[in-house]
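Fold and contact review
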Amino acid sequence: MSAPPAPAATAPAPPRTSAPTTGSSSATPPRRRRRPLRSRLGPYLLLIPALVPLGVGLGYPLVRQFVFSFQEYGLAQQFGRPAEWVGLDNYVTLLSDPYVWGVIARSIAFCLVNAALTMALGIALAVLMTKVGRAARITLQVGMLLAWGTPVLATMTVWQWLFDSQYGVVNWVLAGPLGMEGQRGHSWLIEPLSFYAVATVIVVWMSVPFVVFTVYAGLLQVPEECMEAAQLDGASSWQRLWRLALPMIKPVLFVVALLQVIWDLRVFTQIHVLQRAGAPTRETHLLGTYIYSLSKEFSMAGAMATIMLVITLALTVFYIRRMLREDEA
Amino acid sequence: MSTKEKTWWGVAGVAIVLYALFPIAWIVSLSFKAPSALNNGNFLPGAPTWENYSLILTGGASDLFLPALRNSFGICLIATAISCLLAMFAAYAIARLDFPGKKFILGTALAVAIFPVISIVTPLFNLWRNIGLYDTWPGLIIPYLSLTLPISIWTMSAFFREIPWEMEQAAQVDGATTWQAFRKVIVPLAAPGVFTTAIIAFFIAWNDFVYGISLTSTEQARPVPAALGLFSGASQFEDPTGAIAAAAVIVTIPVIVLVLLFQRRIVAGLTNGAVKG
């Protein structure tokens, strides 16, 4: 990511440093190059208000959850029994259970397939946005913003309805106009594989817009002259896209792909609602819903959440390191 | 581009708009169908009826829906306002001032996006039970802040970096204090960025489901998405689909209004962090 030209912010001290008025400045050690305490503390004072809710709403639960994972903590402890330290027992219990490995494998597969599909579709649509006229582009934008912004729960009602086994439109279309009689009354949610297929359709539908907007904004920043030069040299529009435009916006693609992987790994709402619509829960759990199902056993949920965090980091560390390296370059 | 090529792009565009809007259009249609007509497989309701809307707004389901609507609006608006205010301070510090640990803080803001919300719900539930925040407005506002603050700080500092800062220095040379320069010069310049961030933060809070179902238990604080989930389990209606669809339409209206009014700003805000950050 090319940082904008370093703002004047990096210039040393604001003019008023020269006024040795505040009493605090006398307390400043001389090696601190005559910046009064107030101006050195200023940035942190501005940050603290934001850090407080983050600490309470995010920091504390994270630490607590991590501590839980090394304790024996269930409903009994909830009602006052002291929690016992059990070391890595919870992790051992979880990781020696083949079912847990199944959940992990499914989640990773689901996440990678969804992220890949989302990226492919998103890039294709972003390219499309650069090709159409202004009116068409705004229409596309509004349509996609609506898909992005509509509350997940609201759209889930429809998706459930579309894939309903008895009255669902999908079965109706497949059985009626397309003549696939076998599809009448077919349940999409009972089989894990088709359950995930349905979930993929929904998740991709909701996540594509963000990719489109970001990639489109990136494509707009590719200098026009480069594209023209390539065209004069005889590059086809396909080559211009693959060899020129996409490599130039690689940093943007990286960020978006990274976020997609993170988001798709922790998918919860869609899976949870589909499960409630009549899927076998145990066979269709992904990490998010599995942790949720453990939530009465605090220590297990904590351990599982920590495992999930490690998986997320493992999946994304490659991206993050690469991003940081490009940032420095 | 040849005419033929143009036509193809146009067709593709129409297909995509349909694909994006189809589910939303379908909810609207469902919400106007009478329970008996729900299953007739037609897209358009043959005999449109307000039955579902009156059920959730004045009828049997209004006890569940109306308080939820009030909670959703109240909690999301307060959370958005606080989040923007706090993010404004933080983003100002990040974009404008130089201090040790800046990179670390921006990095943390991104890292926070990694943590799966679902994993911290349980300890939060516990804590809220102990200190009496469970099933209250502040009990949802604080988690919503932690959800919206990182992205707000990220987006806003991207906006703030593009403000012509010489104006602020000019004000300071003219004798304004840092605070005055911030309030009188920078705030008006920064308003568009703040506004955009506010819309995105509102969307995030408005769409939340996990906290909604985990940290509330009564209509005292339960937001609409969590209440929508309860409709299906309730037995007081024959088939809740129509009522759910009507409720879904109502929660989608603010989103549609905001999108139609501010689509360019929202897109700018969404892409600013990733493209320019």
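Rules behind the numbers
Residues numbered from 1 in each chain as written. Chains lettered and ligands numbered in written order. Predicted model: local features only at pLDDT ≥ 70, side-chain atom pairs only at ≥ 80, totals over all residues. Heavy atoms only, no water. Helix = DSSP H or I, 4+ residues; strand = E, 2+ residues; numbered from the N terminus. Buried < 20%, exposed > 50% of the residue type's maximum accessible area, 1.4 Å probe, protein only. Contact = heavy atoms within 4.5 Å. Areas by Shrake-Rupley, 256 points an atom, 1.4 Å probe, with all protein chains shown as cover. 1 Å grid on protein atoms, 1.4 Å probe; cavity = no way out; pocket = protein on both sides within 12 Å on 5 of 7 lines; lining within 4 Å. Points joined across faces, edges and corners; volume = space filled by probe spheres on them. Nonpolar A, V, L, I, M, F, W, Y, C, P; charged D, E, K, R; others polar. pLDDT = per-residue confidence, 0-100. Core = buried A, V, L, I, M, F, W, Y, C linked by side-chain atoms within 4.5 Å. Domains from an automatic or database assignment. Buried area = accessible area lost by both parts, 1.4 Å probe. Salt bridge = Lys/Arg side-chain N within 4 Å of Asp/Glu carboxyl O. Polar contact = N/O pair within 3.5 Å; in protein donor to acceptor, adjacent residues only side chain to side chain. Expected span 1.5 Å × (residues − 1). Bend = angle between axes of the 7 residues up to and from the residue. Patch = residues over 30% accessible without salt bridge, like charges linked within 9 Å, V, L, I, M, F, W, Y side chains within 5 Å. Axes fitted to C-alpha atoms, helices over the stretch in contact; angles between N-to-C directions. Parallel < 35°, antiparallel > 145°, perpendicular 65-115°, else oblique. Left-handed = near helix turned anticlockwise from the far one by under 90°. Phe/Tyr/Trp six-rings, centres within 6.5 Å; stacked < 30°, edge-to-face > 60°.

Describing the overall build of chain B
Helices and strands together make up the secondary structure of chain B, namely 11 helices and zero strands. Overall, chain B shows an N-to-C arrangement of helices and strands of α-α-α-α-α-α-α-α-α-α-α. The buried share of chain B, reckoned over its 277 residues, is 57%. Expressed as a percentage of contacts within chain B between residues at least 6 apart in sequence, the contacts between residues at least 24 apart total 73%. With the model as given, the accessible surface of chain B reaches about 11300 Å², and the carbon-plus-sulfur share is 68%.

As for empty space enclosed by the protein
With the rule as written, the count across this model stands at three cavities of 30 Å³ or more. In terms of lining, the largest cavity is formed by Leu 125, Met 144, Trp 205, Val 208 and Pro 209 of chain A together with Ile 16, Tyr 19 and Ala 20 of chain B. Broken down by secondary-structure element, the contributors of at least two residues to the lining of the largest cavity are helix H8 (192–220) of chain A together with helix H1 (3–31) of chain B. Its residues placed into classes, the lining of the largest cavity shows eight nonpolar, no polar and no charged.

Digging into the side chain of Gln 71 of chain A
Residue and element names in this part refer to chain A. Relative to the helices and strands, Gln 71 resides in strand E1 (residues 71–72). Exposure remark for Gln 71: the relative accessible area of 7% places this residue in the buried category. Residues in contact with Gln 71, not counting those within four places in the same chain, are Arg 64, Ala 83, Glu 84, Trp 85, Val 86, Asn 90 and Ser 299.

Digging into the environment of Gly 139 of chain B
Among the structural elements, Gly 139 of chain B can be located in helix H6 (residues 137–160). Leave out the neighbours within four places in its chain, and Gly 139 of chain B touches Trp 128, Leu 133 and Leu 215 of chain B.

Overview of the confidence of the model for chain A
Residues and elements named next belong to chain A. For chain A, per-residue confidence averages 78 on the pLDDT scale, and 82% of positions sit at 70 or higher. Of all secondary-structure elements in chain A, the lowest mean pLDDT belongs to helix H2 (residues 75–78), at 71, while helix H4 (residues 98–131) reaches the highest, 91. A low-confidence stretch, residues 1–30 (pLDDT under 50), is modelled with 34 contacts involving residues beyond four sequence positions or located in other chains.

Comments concerning the nonpolar core
Ranked by internal contacts, the top residues of the largest apolar core, which has 158 residues, are Phe 160, Phe 203, Tyr 211 and Ile 266 of chain B. Here this core gathers at least three residues from each of two domains, domain 1 (47–87) and domain 2 (99–328) of chain A. Phe 160 of chain B has contacts with Met 88, Ala 91, Tyr 92, Ala 95, Trp 165, Ala 190 and Val 194 of chain B, leaving out every residue within four places of it along the chain.

Section: the interface of chain B and chain A
Listed by partner, the interface residues are 86 residues for chain B and 87 residues for chain A. Together chain B and chain A conceal approximately 8100 Å² of surface at their shared face, both sides included; 78% is due to carbon and sulfur atoms. At the surface where chain B touches chain A, the tally comes to zero salt bridges. Where chain B touches chain A, the interface holds two residue pairs in polar contact (both at pLDDT 80 or more). If you tally residues by element for the side of chain B that touches chain A, the top one is helix H11 (residues 241–276) of chain B, at 17 residues.

Regarding helix H8 (residues 178–207) of chain B
A rise of 1.5 Å per residue sets the reference length of H8 of chain B, with its 30 residues, at 44 Å; its end C-alpha atoms lie only 37 Å apart and thus fall more than 12% short of the reference. The largest bend in H8 of chain B is about 55°, located at Val 187 of chain B, with the proline Pro 188 of chain B one to four residues further on.

Notes on the domain arrangement of chain A
All names here are of chain A. What the domain assignment reports for chain A is domain 1 (47–87) and domain 2 (99–328). Taken together, the contact between domain 1 and domain 2 spans 10 residues of the former and eight residues of the latter. Buried surface at the junction of domain 1 and domain 2, both sides included, amounts to about 700 Å², of which 69% is carbon and sulfur. Area buried by domain 1 at its contact with domain 2 is led by Gln 65, Ser 69 and Tyr 73, which between them contribute 47% of it. The interface formed by domain 1 and domain 2 holds zero salt bridges in total. Connecting domain 1 to domain 2 are two residue pairs in polar contact (both at pLDDT 80 or more). Listing elements by their share of the side of domain 1 that touches domain 2, those giving two or more residues are helix H1 (37–68), E1 and H2. The biggest single contributor to the side of domain 1 that touches domain 2 is H1, with three residues. For the side of domain 1 that touches domain 2, a count of residues per class yields four nonpolar, five polar and one charged.

Observations concerning the side chain of Ser 194 of chain A
All names here are of chain A. Relative to the elements of secondary structure, Ser 194 occurs in helix H8. Residue Ser 194 is classed as buried on the basis of its relative accessible area, which comes to 16%. Setting aside residues up to four positions removed in sequence, Ser 194 forms contacts with Ser 187, Trp 188 and Leu 189.

Things to note about a nonpolar patch on the surface
A cluster of nonpolar residues, Leu 41, Leu 45, Ile 48, Val 52 and Val 56 of chain A, forms a patch on the protein surface that exposes about 420 Å² of accessible area. With respect to the helices, strands and loops of the structure, Leu 45 of chain A is situated in helix H1.

Observations concerning the packing of helix H5 (residues 134–149) of chain A against H8 of chain A
Residues and elements named next belong to chain A. At a minimum axis separation of 8 Å, H5 and H8 run at an interaxial angle of 135°. Taken together, H5 and H8 sit at an angle that is classed as oblique. The crossing of H5 and H8 is left-handed. Between H5 and H8, the contacting residues are Arg 137, Gln 141, Met 144, Leu 145, Ala 147 and Trp 148 on the first element and Trp 205, Met 206, Pro 209, Phe 210, Val 212, Phe 213 and Tyr 216 on the second. When the residues that make up the contact of H5 with H8 are grouped by side-chain class, the tally is 11 nonpolar, one polar and one charged.

Considerations on the packing of aromatic side chains
Under the counting rule described, the total for this entry stands at 20 aromatic pairs over all chains. With a centroid separation of 5.4 Å and 40° between ring planes, the pair formed by Phe 70 of chain A and Tyr 91 of chain A is classed as tilted. On the criterion of sequence distance, the pair formed by Phe 70 of chain A in the loop between H1 and E1 and Tyr 91 of chain A in helix H3 (residues 89–95) is long-range, its members being 21 residues apart. Note on Phe 202 of chain B and Trp 206 of chain B: the rings are 5.3 Å apart at their centroids and 20° apart in plane angle, and the pair reads as stacked. In this pair, Phe 202 of chain B and Trp 206 of chain B both sit in helix H8, four residues apart, roughly one turn of the helix. Phe 202 of chain B sits in the buried class, given a relative accessible area of 7%. Ring pairs connect the aromatic residues Phe 66, Phe 70 and Tyr 91 of chain A, which therefore count as one cluster.

A few points about the environment of Ala 115 of chain A
Residue and element names in this part refer to chain A. By the element assignment, Ala 115 lies in helix H4. Separated by 86 residues in the primary sequence, Ala 115 and Val 201 place their C-alpha atoms 12 Å from one another. With residues near it in sequence (within four places) discarded, Ala 115 still touches Gln 260, Val 261 and Asp 264.

Re helix H11 (residues 250–265) of chain A
If you check H11 of chain A, its first and last C-alpha atoms are 22 Å apart, about what 16 residues at 1.5 Å a residue would give, namely 22 Å. Burial runs high along H11 of chain A: 13 of the 16 residues are buried.

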